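# Survey of secondary and tertiary structure
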Amino acid sequence: MIARELQRHVEKHLATFPAVAILGPRQAGTTTLAHMIAQDRSSIYLDLERDADRARLWEPSAYFEHHQGKLIVLDEVRRMPELYRDLRGIIDRIRLQSGDAGTRFLILGSASGDLLRQSGESLAGRIAYAELTPFTAVELQQSCSIEELWLRGGYPQSILAPTLEQSVAWRENFIRTFLERDIPELGPRIPAETLRRLWTMLAHANGSLLNAAEFGRSLAIDGKTVSRYIDVLSDLFMIRRITPWHGNTRKRLVKSPRVYLRDTGLLHTLLGIDEFDDLLSHPVVGASWEGFVIEQLIAATPERGAAYFYRSAGGAEIDLVLSVPREGVWAVEVKRGLAPRLERGFVDACEDVQPAKRFVVYPGEERFPLRRDVEAVGVRELAQELRDLR
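Scope of this entry: the structure provided in the associated data block. Remember, it's a predicted structure, so these values are computed and weren't measured experimentally.

With that settled, the discussion passes to helix α10 (residues 192-204). Taking 1.5 Å per residue as the helical rise, α10 with its 13 residues ought to reach 18 Å, and the 18 Å between its terminal C-alpha atoms agrees with that figure. Among all positions of α10, only Thr 194, Leu 195, Leu 198, Trp 199, Thr 200, Met 201, Leu 202 and Ala 203 are buried. At its buried positions, α10 is contacted by α9 (164-185), α11 (212-219), α12 (223-235), β6 (239-242), β7 (258-261) and α13 (264-270).

See the structure below:
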C-alpha cells in the first residue's frame, strides 16, 4: 500500500469539520483512501451505487443517529443528491443534543461541479473539501522513475500494472468506459464519439491557448457547445484550464486560458503513444512534458495557492506562475533538455511579474544555478519543496 499525501490533510479537516468531501477523478483511489482513513476508527462505509446500501438510508436521520459517534463514509453520493438536505439537519441536531459527539461524514465524489454545488448549498460552513489526484512523483519516490510516471500517468492501475501492455490496455478501457458509461450516468447528453474527438483534439493541442470556435468548426458544432463539453471534462478532472496572470503590469497580455490534459498517461493513449521511444519522437513531447511538470507542481502547492501562466503580446512568457501562500509568486519555466538554458522571453516576463523565486524545471536531478536569481531543478525536488510548505 502506497501512502497518499492527502490522508494527513483529510484527517486534519475531520478533526475540525463535521463533513469532509474528497473530490477526484474515477479510479484515482478515493475509495481506497477513505478505507485507509477509516481503518483506525469506529466507522461505517456505504456505497450508494449498491441497492442494499441505499435502502439503509430510507430514513437517513434514524440511521445516522443510530451510528452516532462514528465516521460515516458515503461513496458515490451523487446517487442520492437529496441526502445533502438531510445531512444539514442531522449534523446540527447531533451537535445541539450532545455537542461535538464525534460523528463525522466523509463524502466521496467524482464530479466536482455537481458535488461542490449541491454540498455548498446545503452544508455551507459545515464541510471542507480536499482533491485527490492520481499518484504524484513525490508519492512514488521509491516506486518508479519520473520517465515511467510521465509515460503511464498516475492512475494506480496504470502506473502499478505489472507490464506496459497491461497499463496501456487499462487506459484504453478507462477512456472507453468514461465516454460510454460515466458521462451518461452523470447526466450530460453528449455523443460519445463527438466527445472523444474533442478530447483527442485537445490532446494534440495540449498546452495551447483555448480557441473554442476553431474546435467547433472542426467538429461541426458551435463554440458554445465546445465550451460546455470542455466544462464537463474539467468538472470530471480530465482537463485543466490555466488562466493568464494579469497582475500589475501595463503590458498587453493574452486573455484566453491554456488547456492541458491532467493525466499524461491518458494523453498518450489518446494520441496512440505506447512506448517511451515513441513519445520522445512525437511532436507533442514538449507539451506533454510541460503539462506533466505543471500538474505535479500544482498538486504539491499548498492549500489556497493558485496557478497561472504569463504571456505578453511581445513574446514574454512564463509557463507557470504559482501563487504560493506565505511565499509570494514563483515563476517556473519548463524545459525538456538535460542542459537547460534561459530564454529571453522568460527573463523579460520575470521583469514584468517580479516573482519571489525563479526556477527552470528539467528532467535531471541535479540542482544548480543558471544565473544569480534562477535555479535549474528536477520536478520531484521542486514538488517536494512545495509539499514541505504545507
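Next comes the rest of the write-up.
Across the five residues of strand β13 (residues 374-378), four count as buried, placing the element largely inside the fold. Where strand β12 (residues 368-371) meets β13, three bridges bridge the pair, whose relative direction is antiparallel. Residue Arg 371 lies in a different strand from β13, and its bridge partner there is Val 374. Once β12 ends, the chain turns through two residues before running back antiparallel as β13.

Where α10 contacts α11, the two axes come as close as 11 Å, and the packing angle between them is 130°. When the interaxial angle is binned, α10 and α11 end up oblique. Note that α10 runs across α11; the crossing there is right-handed. In this structure, α10 uses Thr 194, Arg 197, Leu 198, Met 201 and Leu 202 to contact α11, whose residues at the interface are Phe 215, Ser 218 and Leu 219.

A few words on unusual backbone geometry. If you check the backbone angles, Gln 27 has positive phi at about 70° while not being a glycine. By the secondary structure assignment, Gln 27 is in the loop between β1 (19-23) and α2 (30-38). By relative accessible area, which is 42% here, Gln 27 ends up partly exposed.

Attention now goes to the sheet that holds β13. Ordered in space as β8-β9-β10-β11-β13-β12, the six strands form an open sheet in which the pairing is mixed. Lying at the two open borders of the sheet, with one neighbouring strand each, are β8 (306-311) and β12. Put simply, the sheet's adjacent strands are angled 35° from each other on average, direction ignored. For strand β10 (residues 328-334) and strand β11 (residues 357-362), the ladder comprises five bridges, and the chain directions are parallel. The partner of Trp 330 across the bridge, within β11, is Lys 357. Docked against the sheet, helix α16 (residues 344-353) engages β8, β9 (317-324), β10, β11, β12 and β13, running at close to 40° with respect to β9. On the sheet, helix α17 (residues 379-387) packs against β9, β10, β11 and β13 and is oriented at approximately 105° with respect to β13.

Here we take up the nonpolar core. Grouped together as the largest cluster of nonpolar side chains are 73 residues, with contacts concentrated most on Leu 198, Trp 199, Leu 202, Met 238 and Leu 297. Among all residues touching Leu 198, those that are not within four sequence positions of it are Phe 215, Leu 219, Val 226, Tyr 229 and Ile 230.

Before going further, it helps to spend a moment on the side chain of Lys 335. Tracing the backbone shows Lys 335 in the loop between β10 and α16. Within the local environment of Lys 335, its side chain forms a polar contact with the side chain of Glu 343, the two groups lying 3.4 Å apart. The contact partners of Lys 335, leaving out residues within four places of it in the chain, are Trp 289, Pro 340, Arg 341, Glu 343, Val 360, Val 361, Tyr 362 and Pro 363.

On to the pairing of β8, then. When β8 meets β9, the two strands line up antiparallel, connected through five bridges. Paired with Ala 307 across the bridge in β9 is Leu 322. In sequence, β8 turns back onto β9 through a hairpin of five residues, with Gly 315 there showing a positive phi of about 105°.

This brings us to a negative patch on the surface. Judged by side-chain charge, Glu 165, Glu 275, Asp 277 and Asp 278 come together as a negatively charged surface patch. Here Glu 165 is to be found in helix α9. For Glu 165, a relative accessible area of 56% puts it in the exposed group.

This brings us to a positive patch on the surface. Together, Arg 8, Lys 12, Arg 304, Arg 326 and Arg 390 give the surface a local cluster of positive charge. Within the secondary structure, Lys 12 sits in helix α1 (residues 6-14).

A separate point is the packing of aromatic side chains. The relative placement of two aromatic rings is captured by the distance of their centres and the angle of their planes. If you walk through the whole model with that rule in mind, you get 13 aromatic pairs. Between the aromatic rings of Tyr 63 and Phe 64, the centroid separation amounts to 6.1 Å while the plane-to-plane angle is 70°, which identifies the pairing as edge-to-face. One exposure class covers both Tyr 63 and Phe 64, and it is buried. Centroid distance Phe 174 to Phe 178: 6.3 Å. Interplanar angle 15°. Geometry classified as stacked. One end of the pair is Phe 174 and the other is Phe 178, both in helix α9 and four residues apart, which spans about a single turn. Look at Phe 178 and you get buried, because its relative accessible area is 4%. Linked through ring pairs, Tyr 155, Trp 170, Phe 174, Phe 178 and Trp 199 together constitute an aromatic cluster. The side chain of Arg 258 reaches across the aromatic face of Phe 309, ending 4.6 Å from its centre. For the cation-ring pair, Arg 336 lies above Trp 289, with the distance from its terminal atom to the ring centre recorded as 5.4 Å.

The rules behind the values
Residues numbered from 1 in each chain as written. Predicted model: local features only at pLDDT ≥ 70, side-chain atom pairs only at ≥ 80, totals over all residues. Heavy atoms only, no water. Helix = DSSP H or I, 4+ residues; strand = E, 2+ residues; numbered from the N terminus. Expected span 1.5 Å × (residues − 1). Buried < 20%, exposed > 50% of the residue type's maximum accessible area, 1.4 Å probe, protein only. Contact = heavy atoms within 4.5 Å. Pairing = 2+ DSSP bridges. Axes fitted to C-alpha atoms, helices over the stretch in contact; angles between N-to-C directions. Parallel < 35°, antiparallel > 145°, perpendicular 65-115°, else oblique. Left-handed = near helix turned anticlockwise from the far one by under 90°. Core = buried A, V, L, I, M, F, W, Y, C linked by side-chain atoms within 4.5 Å. Polar contact = N/O pair within 3.5 Å; in protein donor to acceptor, adjacent residues only side chain to side chain. Patch = residues over 30% accessible without salt bridge, like charges linked within 9 Å, V, L, I, M, F, W, Y side chains within 5 Å. Areas by Shrake-Rupley, 256 points an atom, 1.4 Å probe, with all protein chains shown as cover. Salt bridge = Lys/Arg side-chain N within 4 Å of Asp/Glu carboxyl O. Lys, Arg positive; Asp, Glu negative; His and termini not counted. Charge placed at Lys NZ, Arg CZ, Asp CG, Glu CD. Phe/Tyr/Trp six-rings, centres within 6.5 Å; stacked < 30°, edge-to-face > 60°. Lys NZ or Arg CZ within 6 Å of the ring centre and 35° of its normal.

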